[in-house]
Amino acid sequence: MRFFGRILLLIFGLFLAVPTGLLVLLIGVSVEPAAQDLLATLGLAGLDAVYSEIWRGGTPDVVAADLIVGAWAVSTTILLLPPALVAVVGEAIGARSFVWYGFGCGALTAALPWLVRGSGPLPASHPALGAEARLTALLFLAGAASGLTYWLVAGRSAARKTPSAV
């Protein structure tokens, strides 16, 4: 019975952690110029793809649907995967530390773009290095907020056993 209770608590914790990470990410994007530039560039690339498809006489609905599915996949990967992975591992090992959930989820979220990156690291004098560091910090904060939210809901009681009746 405890197993099913922990599963429900895990789901409820993730249900609250994901919107918290999204809120922190949206606040960060609203104040960080590098994130705004990234979103503007991605938006223009999406419009260019739709207009190119229209110009070729194709159906822009397919391109727009691909863009929406791609945005959903990226947001799910950034917002759901790290807290879910940290929560499942934390439940398996019985971790109750806020450091595990907060730092672990923040570090994993911040590392995702670096893990899926196609090219090697930028040279030390590259002008985009500062913007990448700020975006990485923003992703870390969003992940840490979602991890700490999960910890508040479910992580604090991960290793506790129910008291036996005397």
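Residues numbered from 1 in each chain as written. Predicted model: local features only at pLDDT ≥ 70, side-chain atom pairs only at ≥ 80, totals over all residues. Heavy atoms only, no water.

(A) Examining the side chain of Thr109 more closely. In this structure, Thr109 sits in helix α5 (residues 98-115). Accessibility expressed as a relative area gives 2% for Thr109, which makes it buried. Among the polar contacts listed, one links the side chain of Thr109 to the backbone oxygen of Cys105, at a separation of 2.8 Å. Among residues more than four places away in sequence, those in contact with Thr109 are Ile78, Pro82, Leu139 and Gly143. (Helix = DSSP H or I, 4+ residues; strand = E, 2+ residues; numbered from the N terminus. Buried < 20%, exposed > 50% of the residue type's maximum accessible area, 1.4 Å probe, protein only. Polar contact = N/O pair within 3.5 Å; in protein donor to acceptor, adjacent residues only side chain to side chain. Contact = heavy atoms within 4.5 Å.)

(B) The arrangement of the packing of helix α1 (residues 2-31) against helix α2 (residues 33-55) in detail. Between α1 and α2, the shortest axis-to-axis distance is 5 Å and the interhelical angle comes to 95°. Classed by the angle they form, the pair α1 and α2 counts as roughly perpendicular. Note on element contacts: α2 touches α1 through Pro33, Ala35, Gln36 and Leu39, opposite Val29, Ser30 and Val31. (Axes fitted to C-alpha atoms, helices over the stretch in contact; angles between N-to-C directions. Parallel < 35°, antiparallel > 145°, perpendicular 65-115°, else oblique.)

(C) Spatial organisation of empty space enclosed by the protein. Per the counting criterion, the structure on display carries 1 cavity of 30 Å³ or more. Reported here for the largest cavity is a volume of approximately 30 Å³. Taken together, Gly21, Ile78, Leu79, Pro83, Thr109, Ala142, Gly143 and Ser146 make up the full set of residues lining the largest cavity. At the level of elements, α3 (60-79) and α6 (129-153) are the ones that each hand at least two residues to the lining of the largest cavity. Ranked by residue count, the leading element in the lining of the largest cavity is α6, at 3 residues. When grouped by side-chain class, the residues that make up the lining of the largest cavity number 4 nonpolar, 4 polar and no charged. (1 Å grid on protein atoms, 1.4 Å probe; cavity = no way out; pocket = protein on both sides within 12 Å on 5 of 7 lines; lining within 4 Å. Points joined across faces, edges and corners; volume = space filled by probe spheres on them. Nonpolar A, V, L, I, M, F, W, Y, C, P; charged D, E, K, R; others polar.)

(D) Representation of the layout of surface pockets in the model. Within this model, the largest pocket holds a volume of roughly 1,200 Å³. If you go around the largest pocket, you meet 33 residues; those closest to its centre are Leu38, Leu39, Leu42, Val74 and Ile78. Contributions of two or more residues to the lining of the largest pocket are made by α1, α2, α3, α5 and α6. Per-element tally for the lining of the largest pocket: the top contributor is α3, with 10 residues. Here the lining of the largest pocket is built from residues that sort into 24 nonpolar, 6 polar and 3 charged.

(E) The nonpolar core, seen in detail. Counting 13 residues, the largest nonpolar core has Leu10, Leu14, Val86, Ala87, Tyr101 and Tyr150 as the members making the most contacts within it. Breaking this core down by element, the ones donating at least two residues are α1, α4 (81-93), α5 and α6. With residues up to four places along the chain from it excluded, the contact list for Leu10 reads Ala87, Val88, Glu91 and Tyr150. Core analysis: the next-biggest nonpolar cluster, separate from the first, contains 7 residues, Val29, Ala35, Leu139 and Ala142 among them. (Core = buried A, V, L, I, M, F, W, Y, C linked by side-chain atoms within 4.5 Å.)

(F) Seen up close, the environment of Ser52. You can see Ser52 is positioned in helix α2. Sequence spacing of Ser52 and Val63 is 11 residues, and the spatial spacing of their C-alpha atoms is 9.7 Å.

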